[in-house]
Amino acid sequence: MKQSTKRRSSPTTEREFGGTLGASCIPVLLPLLVLFLLSVSRSPGASLLQWPPQLPPTSALWDPLAPLLLLGWFTLHAFLYLLPLGKVSEGLVLKNGTRLKYPINGFHALVISVGLLLLLLWLGVPLGSLFDLLLPLAVCATGLSFLLSFYLYISSFWAPPHALAPGGNTGNPLYDFFIGRELNPRIGNFDLKYFCELRPGLIGWVVVNLGMLMKEVELRDGASLAMLLVNGFQLLYVADALWNEEAVLTTMDIVHDGFGFMLAFGDLAWVPFAYSLQASFLVVHPVELGAAAATAIVLLNGIGYYIFRKSNSQKNVFRRDPKHPSVSSLETIATATGKRLLVSGWWGLVRHPNYLGDLLMALAWSLPCGFSHLLPYFYVGYFTVLLVHREARDERQCRAKYGQAWDAYCQRVPYRIFPYLY
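Treat the numbers as computed from the prediction; the structure is a model and nothing was measured.

Cut-offs applied
Residues numbered from 1 in each chain as written. Predicted model: local features only at pLDDT ≥ 70, side-chain atom pairs only at ≥ 80, totals over all residues. Heavy atoms only, no water. 1 Å grid on protein atoms, 1.4 Å probe; cavity = no way out; pocket = protein on both sides within 12 Å on 5 of 7 lines; lining within 4 Å. Points joined across faces, edges and corners; volume = space filled by probe spheres on them. Helix = DSSP H or I, 4+ residues; strand = E, 2+ residues; numbered from the N terminus. Nonpolar A, V, L, I, M, F, W, Y, C, P; charged D, E, K, R; others polar. Phe/Tyr/Trp six-rings, centres within 6.5 Å; stacked < 30°, edge-to-face > 60°. Buried < 20%, exposed > 50% of the residue type's maximum accessible area, 1.4 Å probe, protein only. Core = buried A, V, L, I, M, F, W, Y, C linked by side-chain atoms within 4.5 Å. Contact = heavy atoms within 4.5 Å. Expected span 1.5 Å × (residues − 1).

(A) Looking closely at the layout of surface pockets. What the second largest pocket holds in volume is close to 590 Å³. Contributing to the lining of the second largest pocket are 27 residues, with L69, W73, L117, L130 and V207 lying nearest its centre. Residue assignment for the lining of the second largest pocket shows that the elements contributing at least two residues are helix 3 (65–82), helix 4 (106–122), helix 5 (130–155), helix 8 (200–220) and helix 11 (261–274). Counting residues per element, the lining of the second largest pocket draws most heavily on helix 3, which supplies seven residues. For the lining of the second largest pocket, a count of residues per class yields 22 nonpolar, five polar and no charged.

(B) View of unusual backbone geometry. Positive phi, close to 60°, is recorded for D221, a residue that is not glycine. Checked against the element boundaries, D221 lands in the loop between helix 8 and helix 9 (225–243).

(C) The packing of aromatic side chains, seen in detail. Scanning the entire structure with this criterion turns up 29 aromatic pairs. Relative to F265, the ring of F261 has its centre 5.4 Å away and its plane inclined at 15°; by these criteria the two rings are stacked. Note that F261 and F265 are positioned in helix 11 at a spacing of four residues, about one turn of the helix. Like F265, F261 is buried.

(D) Local environment of empty space enclosed by the protein. Evaluated as defined, the whole model comprises one cavity of 30 Å³ or more. Here the largest cavity is characterised by a volume of approximately 40 Å³. Lining of the largest cavity is provided by S149, L152, Y153, S156, D176, F177, G180, R181, E182, P185, F259 and G260. Only helix 5 and helix 6 (173–179) provide two or more residues apiece to the lining of the largest cavity. For the lining of the largest cavity, the leading source of residues is helix 5, giving three residues. Residue composition of the lining of the largest cavity, by class: five nonpolar, four polar and three charged.

(E) Focus on the nonpolar core. Counting residues in each nonpolar core, the largest one holds 105 residues, and the members touching the most others are M212 and F273. The leading source of residues in this core is helix 5, at 12 residues. Among all residues touching M212, those that are not within four sequence positions of it are L130, F131, L134, M227, A279, S280 and V283. Judged by nonpolar contacts, the second largest core, of 16 residues, contains L341, V343, A405 and C410.

(F) Region of interest: the environment of D221. Of the residues examined, D221 reaches a relative accessible area of 73% and is grouped as exposed. Along the sequence, D221 and L33 sit 188 residues apart, while their C-alpha atoms lie 32 Å from each other.

(G) Layout of helix 15 (residues 378–402). For helix 15, which comprises 25 residues, the first-to-last C-alpha distance of 35 Å matches the rise-based estimate of 36 Å (1.5 Å per residue) to within 8%. Every buried residue of helix 15 is accounted for by Y379, V380, F383, L387, E391, R393, D394, E395, C398 and Y402. A positive phi of about 60° marks G403, the residue just after helix 15.

In short, geometric facts, not functional conclusions.
This is the structure we're talking about:
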């Protein structure tokens with residue numbers, strides 16, 4: 001018992017996200033930022049620089065319908081998660097040599113969700129009312145994130161040592177609450193982190209976008225081309241993530257990061273309400289797109305999606321079967337761990353070509369909103385910072401894992417995300 005106590009009270013890894021200071025400030029600042037962005041997006045000026053900022057009254061932050069809708073949505077997706085649809089895949093090998101099993105049925109959940117939304121539209125349910133409920137829904141999603149995070153932190157003390165995340169067992173309550181102590185918290189076979197990663201928040205993003213589209217239809221007797229492009233681009237992105245759901249089992253979120261407030265809030269509140277900012281902006285600030293501009297934006301999104309999908313697919317095929325015909329001819333570097341690093345193909349262009357594709361798509365999502373306001377481009381700036389930070393985390397972990405082989409790879413592929421720039 002004394003040895004276990006000592007292990008929990010001493011740092012186990014370098015602290016990220018600003019350490020204790022970041023873990024204390026981020027859970028306060030990020031929820032406020034979401035409410036601020038939503039409020040500004042519906043204000044007449046939509047100015048990020050206005051001071052004092054135009055904030056809604058506290059009465060606008062609560063509606064008794066919001067928690068009922070949120071509870072119903074989570075119950076629906078918990079039920080869909082448990083349905084025996086699709087296949088079951090195994091995750092990577094854990095510290096104790098075991099592999100967890102995961103249901104690969106997220107795309108089924110998306111299709112069923114879209115079918116239910118179409119049914120509601122056919123029945124005349126006013127989905128445009130989601131526009132008026134955005135702030136209360138964001139408040140409830142934030143509250144749910146905190147409740148879930150407290151549960152995850154407390155329950156982690158009953159988890160065996162091998163189940164703790166590499167960076168979440170520092171002994172500092174604030175930091176461990178934020179970053180997450182347990183790697184794969186489960187209730188029976190129900191994996192909480194995996195469920196939140198791709199289900200209620202990600203598909204909820206599609207629902208919010210559709211609600212914004214229907215609100216525009218109510219206000220203007222039709223949907224604008226700009227709104228249709230934003231909805232279409234982001235639906236493609238969500239559908240792609242769920243169609244390739246199995247690939248998430250090898251990502252940093254699942255393999256390395258614990259499940260704490262950082263991921264809980266990101267999955268349940270930040271994604272559906274911050275990522276839908278362009279759609280909520282267009283409800284109040286319509287933009288007329290010409291055919292040439294729309295064609296150029298579609299082309300940009302297509303290029304970004306092509307790079308994103310092709311590079312991710314190449315990596316996933318190589319991880320599953322290095323002898324597969326599509327990757328067997330690619331040049332690699334051997335590592336001391338027995339694995340090999342790709343140094344040609346997409347991964348010979350830059351170290352993170354999937355991030356490059358992601359950023360091109362992010363720009364395409366914002367361009368339909370025009371250039372009169374900075375607000376729709378918040379996502380591009382935020383996502384750039386996020387991916388640069390994640391790339392730096394990848395670098396540290398890969399250098400620690402692969403040593404000289406990683407240094408050799410970096411010499412062969414000097415650019416991280418943008419060819420000839422960064």
